[in-house]
Amino acid sequence: MTDVTLRGGPGAAITAEIEVKRSRFICRLERVETEDAARAVVDAARREHWGARHHCSAFIIGPTDAAGQVRRSSDDGEPSGTAGAPMLDTLAGTGLVDTVAVVTRHFGGVLLGTGGLARAYSDAVANAIREAPLVARERRELFRLSLHHADAGRVESELRARGVAVLGVEYAARAELRLAGGGALHEVVAAVTSGAGTLEGLGHEWVDVDLNSVRR
């Protein structure tokens, strides 16, 4: 499964809500890079929804294949195993990384039981994920492509149209495109530059990649 995260870099967030037997479950998903940042999102939910008793949470920090990946969850006063664990399973099952989910519950007066709670917390996270704009998170080789200014706009547009991840463009004496490797990058660059473009390696880095380019 490909790792995914919220589009837009650290701090990108989305909030979605479901109602189950008059209880409101408000889920906030936010992209984070550290455990401290994830816990800060939980604290912010407590301040925003100060009248609610439960602010359950789950987060995954780091790529799936990394030994140091951090996974944490909290039931925040709900019966053990009915909130944090189902939320964490939903994040992991979708491939989400570098993401915290906080579900605030406003009690509606009807007890849901342990099974009902687990489904509600899981569904709240799943609903937010469905509404969230996502990007793939992959470790790729980086390259610099140097071009004449007059050619840069056309080449960038054609590369993006062919699914190449263009991470940035800098304009100095020449235009320099920063690209993430993947697929037949060298062949694509040769085609759109008529063989004039030369790629300079810049090492490897975790980058955001459009999901459509991953699925091709």
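All of the points below concern the structure found in this document. Note that the structure is a prediction, hence the values are computed from the model and not measured. (Residues numbered from 1 in each chain as written. Predicted model: local features only at pLDDT ≥ 70, side-chain atom pairs only at ≥ 80, totals over all residues. Heavy atoms only, no water.)

1. Some remarks on the pattern of salt bridges
1) Next: This model, assessed by the stated rule, comprises 15 salt bridges.
2) Next: Each of the salt bridges in this network shares a partner with another, and the network as a whole consists of Arg31, Asp98, Arg137 and Asp208. (Salt bridge = Lys/Arg side-chain N within 4 Å of Asp/Glu carboxyl O.)

2. Topic: helix 3 (residues 113–131)
1) Next: In a regular helix each residue adds 1.5 Å, so 19 residues correspond to 27 Å; helix 3 covers 27 Å between its end C-alpha atoms and thus fits that length.
2) Next: Among the residues making up helix 3, those that are buried are Gly116, Leu117, Ala120, Tyr121, Ser122, Ala124, Val125, Asn127, Ala128 and Ile129.
3) Next: The secondary structure elements touched by the buried residues of helix 3 are strand 2 (13–20), strand 3 (23–31), strand 4 (54–61), helix 2 (84–94), strand 6 (99–106) and strand 7 (134–147). (Helix = DSSP H or I, 4+ residues; strand = E, 2+ residues; numbered from the N terminus. Expected span 1.5 Å × (residues − 1). Buried < 20%, exposed > 50% of the residue type's maximum accessible area, 1.4 Å probe, protein only. Contact = heavy atoms within 4.5 Å.)

3. A few points about the nonpolar core
1) Next: Judged by nonpolar contacts, the single largest core of 37 residues is most densely connected at Leu29, Leu91 and Val125.
2) Next: If you tally residues by element for this core, the top one is helix 3, at seven residues.
3) Next: Setting aside its immediate chain neighbours within four residues, Leu91 contacts Leu29, Ala58, Phe59, Ile60, Leu96, Thr99, Ala101, Val125 and Ile129.
4) Next: Within the second largest apolar cluster, 14 residues are counted, among which are Phe143, Leu179, Val189 and Leu199. (Core = buried A, V, L, I, M, F, W, Y, C linked by side-chain atoms within 4.5 Å.)

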